[in-house]
Amino acid sequence: SVLVLASRQRPINGAVVAGAGLVFGASLVLFAASRSFMTAVPLLLVAGAAMVAQAATANTLVQSMVPDALRGRIMSMFTLVLMGAMPLGNILIGVLAGLIGTMAAVASFASITPSTIFRRSASSEMIRRSTSSIRSRSDERSGATMPALY
């Protein structure tokens, strides 16, 4: 986290986390579709690098957004959710692999990541647009400003 934060001139935002998640999901879907060892290995390297970039950036983002007094508590919950979800996902993908096959299960789970990122970014963009239009209408009517909701 310290290296990620120190290596950037601009502030870190959620776009880096989303971009790394998209690369991670896309490379895993391509890995599931590959039938050659020579194609699979570079795709797994890209997936691993994207996963590390996403985890490090998300960790840095959470630590930089949280007040000092709450940082330990929030980071422990963040780690619990992050690490606690892995065994559940392992059970689910294992059951699915037994039903439809390993590569189909990997492809289906890998496609969840990019589709979730697209849905979340679209909904947050809609929220951002709607709150900005509400704010501008409120400013026109009353001359007062509304606090930002995002």
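Being a predicted model, the structure only gives us computed values, none of them experimental.

1. What about the confidence of the model for the protein chain?
Next up, step 1: The share of residues in the protein chain with pLDDT of 70 or more is 72%, and the mean pLDDT across the chain is 79.
Next up, step 2: For the protein chain, helix α1 (residues 2-6) is the element with the lowest average pLDDT, namely 54, and helix α3 (residues 37-65) is the one with the highest, namely 91.
Next up, step 3: Confidence over residues 144-150 falls short of pLDDT 50; this stretch has twelve contacts with residues more than four positions distant or in other chains.

2. Things to note about the pattern of salt bridges
Next up, step 1: One pass over the structure, following the stated rule, counts one salt bridge.
Next up, step 2: For Asp 68, the salt bridge is made with Arg 71, and the minimal N-O distance between the two is 3.0 Å.
Next up, step 3: Relative accessible area serves as the criterion here: at 64%, Asp 68 is assigned to the exposed category.
Next up, step 4: A residue is classified by how much of its surface remains accessible, and Arg 71, at 27% relative accessible area, is partly exposed.

3. Digging into α3
Next up, step 1: Over its 29 residues, α3 runs 42 Å from end to end, which matches the ideal 42 Å to within 8%, given 1.5 Å per residue.
Next up, step 2: Every buried residue of α3 is listed here: Ala 40, Leu 43, Ala 47, Ala 50, Thr 57, Ala 58, Thr 60, Leu 61 and Val 62.

4. A short note on the packing of α3 against helix α4 (residues 71-100)
Next up, step 1: Between α3 and α4, whose axes approach to 10 Å, the crossing angle comes to 150 degrees. By the criterion of interaxial angle, the relationship of α3 to α4 is roughly antiparallel. Crossing of α3 over α4 shows right-handed handedness. Along the contact surface, α3 presents Ala 58, Asn 59, Val 62 and Gln 63, while α4 presents Arg 71, Ile 74, Met 75 and Phe 78.
Next up, step 2: Residue classes in the contact of α3 with α4 are distributed as five nonpolar, two polar and one charged.

5. Structural notes on the packing of helix α2 (residues 14-33) against α3
Next up, step 1: Two numbers describe how α2 lies on α3: the axes approach to 8 Å, and their chain directions differ by 155 degrees. In terms of orientation, α2 lies roughly antiparallel with respect to α3. Crossing of α2 over α3 shows left-handed handedness. Here Gly 14, Val 16, Val 17, Ala 20, Gly 21, Val 23, Phe 24, Ser 27, Leu 28, Leu 30 and Phe 31 of α2 come into contact with α3, specifically with Ala 40, Leu 43, Leu 44, Val 46, Ala 47, Ala 50, Met 51, Ala 53, Gln 54, Thr 57, Ala 58 and Leu 61.
Next up, step 2: Grouping the amino acids of the contact of α2 with α3 by side-chain chemistry returns 18 nonpolar, five polar and no charged.

Parameters and conventions
- Residues numbered from 1 in each chain as written.
- Predicted model: local features only at pLDDT ≥ 70, side-chain atom pairs only at ≥ 80, totals over all residues.
- Heavy atoms only, no water.
- pLDDT = per-residue confidence, 0-100.
- Helix = DSSP H or I, 4+ residues; strand = E, 2+ residues; numbered from the N terminus.
- Contact = heavy atoms within 4.5 Å.
- Salt bridge = Lys/Arg side-chain N within 4 Å of Asp/Glu carboxyl O.
- Buried < 20%, exposed > 50% of the residue type's maximum accessible area, 1.4 Å probe, protein only.
- Expected span 1.5 Å × (residues − 1).
- Axes fitted to C-alpha atoms, helices over the stretch in contact; angles between N-to-C directions.
- Parallel < 35°, antiparallel > 145°, perpendicular 65-115°, else oblique.
- Left-handed = near helix turned anticlockwise from the far one by under 90°.
- Nonpolar A, V, L, I, M, F, W, Y, C, P; charged D, E, K, R; others polar.

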